[in-house]
Amino acid sequence: MAVYQYRCVDHGLLEVARPIGTAADREPCPDCASFAPRVFTTPQLSFGSAANRALLDRTECTADEPAVVSAVPSRRTPPQVATNPALARLPRP
Ligand SMILES: [Zn+2]
């Protein structure tokens, strides 16, 4: 989804969320129902860190394009445990 901005002559800017590439040239204003022309703005591509952007992208993808599993996940091998004798003396939970 992308947020597109439109400007109503009487009520100012309004934002409409649409899938990328599907923005109309004009949108009806929610206050007066007159058609507001689109305002072209710079894309807001950098929200926070790369990890935050990746999280937002993954979250958005799960809504629009959920991942499909086509096979049963393989069995995990148990993690390798260090065999240091000093670690064996540590208390266990
Ligand atoms: Zn308006």
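Cut-offs applied
- Residues numbered from 1 in each chain as written.
- Predicted model: local features only at pLDDT ≥ 70, side-chain atom pairs only at ≥ 80, totals over all residues.
- Heavy atoms only, no water.
- Helix = DSSP H or I, 4+ residues; strand = E, 2+ residues; numbered from the N terminus.
- Rg over C-alpha atoms; globule rule 2.2 N^0.38 Å.
- Buried < 20%, exposed > 50% of the residue type's maximum accessible area, 1.4 Å probe, protein only.
- Areas by Shrake-Rupley, 256 points an atom, 1.4 Å probe, with all protein chains shown as cover.
- Lys, Arg positive; Asp, Glu negative; His and termini not counted.
- Charge placed at Lys NZ, Arg CZ, Asp CG, Glu CD.
- Salt bridge = Lys/Arg side-chain N within 4 Å of Asp/Glu carboxyl O.
- Donors = N, O, S within 2.8 Å, 3.2 Å for Na, K, Ca; no water.
- Tetrahedral: all angles 85-135°; square planar, octahedral: opposite > 155°, others 65-115°.
- UniProt positions renumbered as here; feature names shortened; annotations may be inferred.
- Core = buried A, V, L, I, M, F, W, Y, C linked by side-chain atoms within 4.5 Å.

A.B. asks: So what's going on with the overall build of the chain? Residues and values would help.
C.D. replies: Each helix and strand counted, the chain has two helices and four strands in total. Reading the chain from its N terminus to its C terminus gives the helix and strand order β-β-β-β-α-α. Taking 2.2 N^0.38 as the reference for a compact globule, 93 residues should give roughly 12 Å; the C-alpha atoms of the chain span a radius of gyration of 25 Å, well beyond that estimate. Overall size of the chain, expressed as C-alpha extent along the three principal axes, is 75 × 30 × 25 Å. The buried share of the chain, taken over its 93 residues, is 12%. When the accessible surface of the chain is split by element, carbon and sulfur atoms take 59% of a total near 8,300 Å². Charge separation in the chain, taken as the distance between the mean sites of 10 positive and 9 negative side-chain charges, equals 20 Å.

A.B. asks: Tell me about the pattern of salt bridges, residues and numbers included.
C.D. replies: All chains considered together, the criterion is met by one salt bridge. As a salt-bridge pair, Arg18 and Glu27 come within 3.2 Å of each other at their nearest N and O atoms. A residue is classified by how much of its surface remains accessible, and Glu27, at 10% relative accessible area, is buried.

A.B. asks: Just give me the short version of the coordination of the zinc ion, but keep the residues and values in it.
C.D. replies: In this structure, Cys8 (SG), His11 (ND1), Cys29 (SG) and Cys32 (SG) serve as the protein donors to the zinc ion, at separations of 2.2 to 2.3 Å. Taken together, the four donor atoms coordinating the zinc ion and their angles of 106 to 113° define a geometry best described as tetrahedral. Here the donor residues of the zinc ion share one chain and are spaced in sequence as C-x2-H-x17-C-x2-C. With Cys8 in strand 1 (residues 2-8) and Cys32 in the loop between strand 3 (26-28) and strand 4 (35-39), this pair connects stretches of sequence that are 24 residues apart. Given a relative accessible area of 4%, Cys8 falls into the buried group.

A.B. asks: Please give an account of the UniProt feature "domain: Putative regulatory protein FmdB zinc ribbon" (unreviewed entry) in the chain that cites residues and values.
C.D. replies: UniProt marks residues 1-41 with the feature "domain: Putative regulatory protein FmdB zinc ribbon" (unreviewed entry), using the numbering shown here. Helix and strand shares over residues 1-41 are 0% and 54% respectively, and the end C-alpha atoms of the span are 16 Å apart.

A.B. asks: Describe the nonpolar core, with residues and values.
C.D. replies: By size, the foremost hydrophobic cluster in this structure holds eight residues: Ala2, Tyr4, Tyr6, Cys8, Leu14, Val16, Cys29 and Ala36. Those elements that provide at least two residues to this core are strand 1 and strand 2 (12-18).

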